[in-house]
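# What the coordinates show
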Number of protein chains: 2
Amino acid sequence: MPARMELYQRSGNDPEAEIAMFVLHLGSATFLLTEPVISAMTTGAATHVVTSQVKYLLGMKMPYISGPLGFFYIYAYVFENIKSVQLEALLLSLLSIVVLVLVKELNEQFKRKIKVVLPVDLVLIIAASFACYCANMEYTYGLDVVGHIPDGIPSPRAPPMNILSEVVTEAFGVALVGYVASLALAQGSAKKFKYSVDDNQEFLAHGLSNVIPSFFFCIPSAAAMGRTAGLYSTGSKTQVACLISCILVLIVIYAIGPLLYWLPMCVLASIIVVGLKGMLIQFRDLKKYWNVDKIDWSIWVSTYIFTICFAANVGLLFGVVCTIAVVIVRFQRAKTLSLKNMKELENKVKTEVEGENLQLVKIISINNPLVFLNAKKFHADLMNAIQKDNANNQTPDDINKCEQNVLLNSTSNGTCNGETSQPYPNEKCSVILDCTGLTFFDYTGVSTLVQAYMDCKGQNVDFLLANCTASLKKAVQYCGHLESDKHIFFESVSAAVGAIHLNKNLSKFSDHSEV
Amino acid sequence: MPARMELYQRSGNDPEAEIAMFVLHLGSATFLLTEPVISAMTTGAATHVVTSQVKYLLGMKMPYISGPLGFFYIYAYVFENIKSVQLEALLLSLLSIVVLVLVKELNEQFKRKIKVVLPVDLVLIIAASFACYCANMEYTYGLDVVGHIPDGIPSPRAPPMNILSEVVTEAFGVALVGYVASLALAQGSAKKFKYSVDDNQEFLAHGLSNVIPSFFFCIPSAAAMGRTAGLYSTGSKTQVACLISCILVLIVIYAIGPLLYWLPMCVLASIIVVGLKGMLIQFRDLKKYWNVDKIDWSIWVSTYIFTICFAANVGLLFGVVCTIAVVIVRFQRAKTLSLKNMKELENKVKTEVEGENLQLVKIISINNPLVFLNAKKFHADLMNAIQKDNANNQTPDDINKCEQNVLLNSTSNGTCNGETSQPYPNEKCSVILDCTGLTFFDYTGVSTLVQAYMDCKGQNVDFLLANCTASLKKAVQYCGHLESDKHIFFESVSAAVGAIHLNKNLSKFSDHSEV
């Protein structure tokens, strides 16, 4: 079986990949793995496992099919060779599945009342093996059985390093998928029992715990959802439960393994498929995502499709890239300014200056970081907000049409509708930009801010910045060559309003003195 | 010359790549290309061009070197074979460069006074060719000359489609780099002359304008910084200038081309190198980036290094990925809440309830979109803010240490310092979360919000949401199964404060009636 062999060989390099990722602190990068992506990926992986068991469930002989779209080739092969289905195997599979599902459902129902849970998988294995042995089904019906299992553990051997270069990319994929599945389970447990998980430490533990198995040609280990759920449901709390479980597995490997010779493969496949119920049931999450966020729903569906068509690591990569792209696009389109309290504050200033020389003060809050993603939209939104009340006689459509000309050609003669840029000749508009919400910025953001300042200056609009951080202040001063112009930064919005008043009175005073 | 041939072949597939990108609306994705990345990439590309001219400047014979790190191999080769430098060529190069730089500098200085600009490149070409012809330098000193140039345009031939699969990835790279260089120039012009550029339309135009040249084995065309600057400085305003310039080029190709036989290669190389001055001078931007945003400075430097070591497309890709990664990390670390006006509003409510039964109302604004990137930090920040005043007797360090236990184990017995979670038994704290700045959310964000609500409920803290959008309301209700609980959403902060008062009075009333 080339597939299994490949996995065996890979295992040697999986822990190294994980430890390398720990050193790179990639464990902290797992915040990129959102719940929808992990859910879709694990559901897709479970679908792949079910698909790999189909041939045993149906008792068919089938060549090993893998690669991209292998999922569909397997089902195409099954439907083409539907006549070669072994009825005995199919019936036994159906019977096993029905028994397993029924008993597990009953167990779940009566768990509270009768404290003991029937280990139905174990009972089924023993019963099926015994029946198969007694009826000699292997020869009578030609049923596939598990066959000879070598007892004990193989002697340790160093993992083959010469194939490292061939498997290194695959090893990273296997490591990532295994780690993600484990982490998802760990976070679920953490939520349930109220403790916290250190992503990067978990990564190291996961990598180190795979070092020893790599000397015994094991498949890379990862947390198993069914096992964990089983342990919790039987009431285990500490790692002593794991120790007991390990000892039992060792006993099976050394003593009971050979007795499983007679276990029919279709029964084993049924147990595997029913065991994946918990993962496949995640399809129900789709309804939740649909109601909460349709985009997350689409990410789930597309990640699942990619996992089905290609592999779990391809699906995971697609999901992560998709999630990042969606956030970037949403961020780019999100509104940048909040104008809520503007009206109130405008009125306040109007009454205080006694209506003699009407002065508009607009207080605009910026609610987002100002970076290359939203800088362009910020500029357009800000100019729109400044223009809005200056051009009450215009419809919004007109403003949009004229915006480019009016706002940018402030020095040119060709204004739109003539009076737009200066509707009230003796009214000077002031804008206070509250930067409390501007949590970080980059060069593009700062140069857009400076651009907006210049545009306002060109339109004879006062532009004041309140609540700037020291670094923002420095950046704006440097970028706009404003080292000398110190009257645009204020500690708070009220300080800026006060400064406008003072200026107003001064200019009134100078007006009077001129008269 | 394999390199030139390769470029010629490539040209056939470049326009298709550009048109494909137009169809995919990738032109709108150019917002990802920030000024530092474009500046670093074009500077790197200019450095590559200068490097390719070094052998002509020094008059050396050199094999064609390309591939990763080819840049360094070229200089290594030059230093190893420093003795084979042709002194005549070197002197002629130095002389040409000095003349070009001096005259261009003088042109720049006196441009305003004398309206005519000396076309020094043209003069130099004619003078050098004539001198070379008269002195028969090709044979006397063994100087490399341009040699035979075929006159006219080759007959049109369909681009070879059979090599498409080999060059398709490279073609996308070439298309992107050419487009980016052109777009950067277009945006510069747009800024200068105050018009706006449609990224995607530009992409289509760029692709279509490369379709016809692909039948004549041309190198993919892109906007030239030097040419554009030249046109602007001579005062051209419309596309008639381009038409005249094209006619002149056609005349050169058909009539004057053969006369360039005698132009020494080292003079041509000098002209190319001096022509790149405008691009190389972008090194000066480094100071600006350093002062405005140190991270953008690092992106510039690393993009430049990648462009130098590999190629312009690799550098560009690195720069874009780097820019996105930086934004994600910054976003993840940015502060999520703003508590500025909290104190004031707290006091207000305290006085109104007459101090009898002290009630803390905290009004917290959320200033960012709530997505998977910052959801975890939002939860921690919010819990910190709620806990802060409830635990005045603790130092912040203690809070951080205890946070996990106290906040998450609200139902468990093991609290930190005993009295922390309920410092004043008869005081009920209320939190109003102002969601005005919450511009968008995803599933992770909503489930964190619901988690915060549940945690507050567990701690007997009222949790009210103000200014929610309809979609956020629906998502929170669905995600937290709060369909029945309608008293957590309010239209505004003041409505929420009013509701708290009302509840307060009602509970006081019921307290009295019970007594």
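Rules of the game
- Residues numbered from 1 in each chain as written.
- Chains lettered and ligands numbered in written order.
- Predicted model: local features only at pLDDT ≥ 70, side-chain atom pairs only at ≥ 80, totals over all residues.
- Heavy atoms only, no water.
- Helix = DSSP H or I, 4+ residues; strand = E, 2+ residues; numbered from the N terminus.
- Contact = heavy atoms within 4.5 Å.
- Areas by Shrake-Rupley, 256 points an atom, 1.4 Å probe, with all protein chains shown as cover.
- Buried area = accessible area lost by both parts, 1.4 Å probe.
- Salt bridge = Lys/Arg side-chain N within 4 Å of Asp/Glu carboxyl O.
- Polar contact = N/O pair within 3.5 Å; in protein donor to acceptor, adjacent residues only side chain to side chain.
- Nonpolar A, V, L, I, M, F, W, Y, C, P; charged D, E, K, R; others polar.
- Phe/Tyr/Trp six-rings, centres within 6.5 Å; stacked < 30°, edge-to-face > 60°.
- Buried < 20%, exposed > 50% of the residue type's maximum accessible area, 1.4 Å probe, protein only.
- Least-squares fit on C-alpha atoms with pLDDT ≥ 70 in both.
- Expected span 1.5 Å × (residues − 1).
- Bend = angle between axes of the 7 residues up to and from the residue.
- pLDDT = per-residue confidence, 0-100.

For chain A, the count of helices and strands is 22 helices and five strands. Contacts in chain A between residues at least 24 apart in sequence constitute 79% of all its contacts with a sequence separation of at least 6. Per element, the accessible surface of chain A, about 27,200 Å² overall, is 64% carbon and sulfur.

Listed per partner, the contact involves 55 residues of chain A and 55 residues of chain B. Note on chain A versus chain B: buried area summed over both sides is about 4,800 Å², and carbon and sulfur give 63% of it. At the boundary of chain A with chain B, the tally comes to zero salt bridges. The interface formed by chain A and chain B holds ten residue pairs in polar contact (both at pLDDT 80 or more) in total. At the level of secondary structure, the elements contributing two or more residues to the side of chain A that touches chain B comprise helix H3 (35–58), helix H14 (285–292), helix H15 (294–309), helix H16 (312–333), helix H19 (396–408), helix H20 (443–458) and helix H21 (470–479) of chain A. Broken down by element, the side of chain A that touches chain B gets its largest block of residues, seven residues, from H16 of chain A. Its residues placed into classes, the side of chain A that touches chain B shows 22 nonpolar, 17 polar and 16 charged.

On to the packing of aromatic side chains. Evaluated as defined, the whole model comprises 27 aromatic pairs over all chains. Considering the side-chain rings of Tyr261 of chain A and Trp262 of chain A, the 5.0 Å spacing of their centres and the 70 degrees angle between planes classify their relative orientation as edge-to-face. Residue class for Trp262 of chain A comes out partly exposed when judged on its relative accessible area of 22%. Ring centres of Phe71 of chain B and Tyr75 of chain B lie 5.2 Å apart, and the angle between their planes is 70 degrees; this geometry places the pair in the edge-to-face category.

All names here are of chain B. Considering all chains together, one arrives at eight salt bridges over all chains under this definition. The shortest N-O distance in the salt bridge between Asp121 and Lys104 comes to 3.6 Å. With Asp121 in helix H6 (residues 120–135) and Lys104 in helix H5 (residues 87–110), the pair connects residues that are 17 residues apart, well separated along the chain. Overall, the relative accessible area of 27% leaves Lys104 in the partly exposed class.

This next bit is on the relation of the copies chain A and chain B. The two copies are related by a screw operation: chain A maps onto chain B through 180 degrees of rotation and 0.0 Å of translation along the axis, at an RMSD of 0.1 Å. What we have between these two chains is a two-fold relation. The overlap is high: 100% of the interface residues of chain A also sit at the interface in chain B, so the same surface is used on both sides.

All names here are of chain B. Here helix H3 (residues 35–58) spans 34 Å end to end across 24 residues, near enough to the 34 Å set by a 1.5 Å rise per residue. Maximum bend of H3: about 30 degrees, positioned at Ser52. Counted residue by residue, H3 has 18 buried out of 24 residues, so it is predominantly covered. Trailing H3 by a residue or two, Gly59 shows a phi angle of about 65 degrees, which is positive.

Our next topic: the confidence of the model for chain A. All names here are of chain A. Summarising the model, chain A shows a mean pLDDT of 77, and 78% of its residues fall at 70 or more. By mean pLDDT, the top-scoring element of chain A is H15 (93), and the lowest-scoring one is helix H1 (residues 2–10) (35). With pLDDT under 50 throughout, residues 391–426 is counted as low confidence; its partners more than four residues away or in other chains account for 41 contacts. Contacts for the low-pLDDT stretch residues 511–515, under 50 throughout, to residues beyond four places or in other chains number zero contacts. Prediction confidence for the complex, expressed as pTM and ipTM, is 0.75 and 0.72 respectively.

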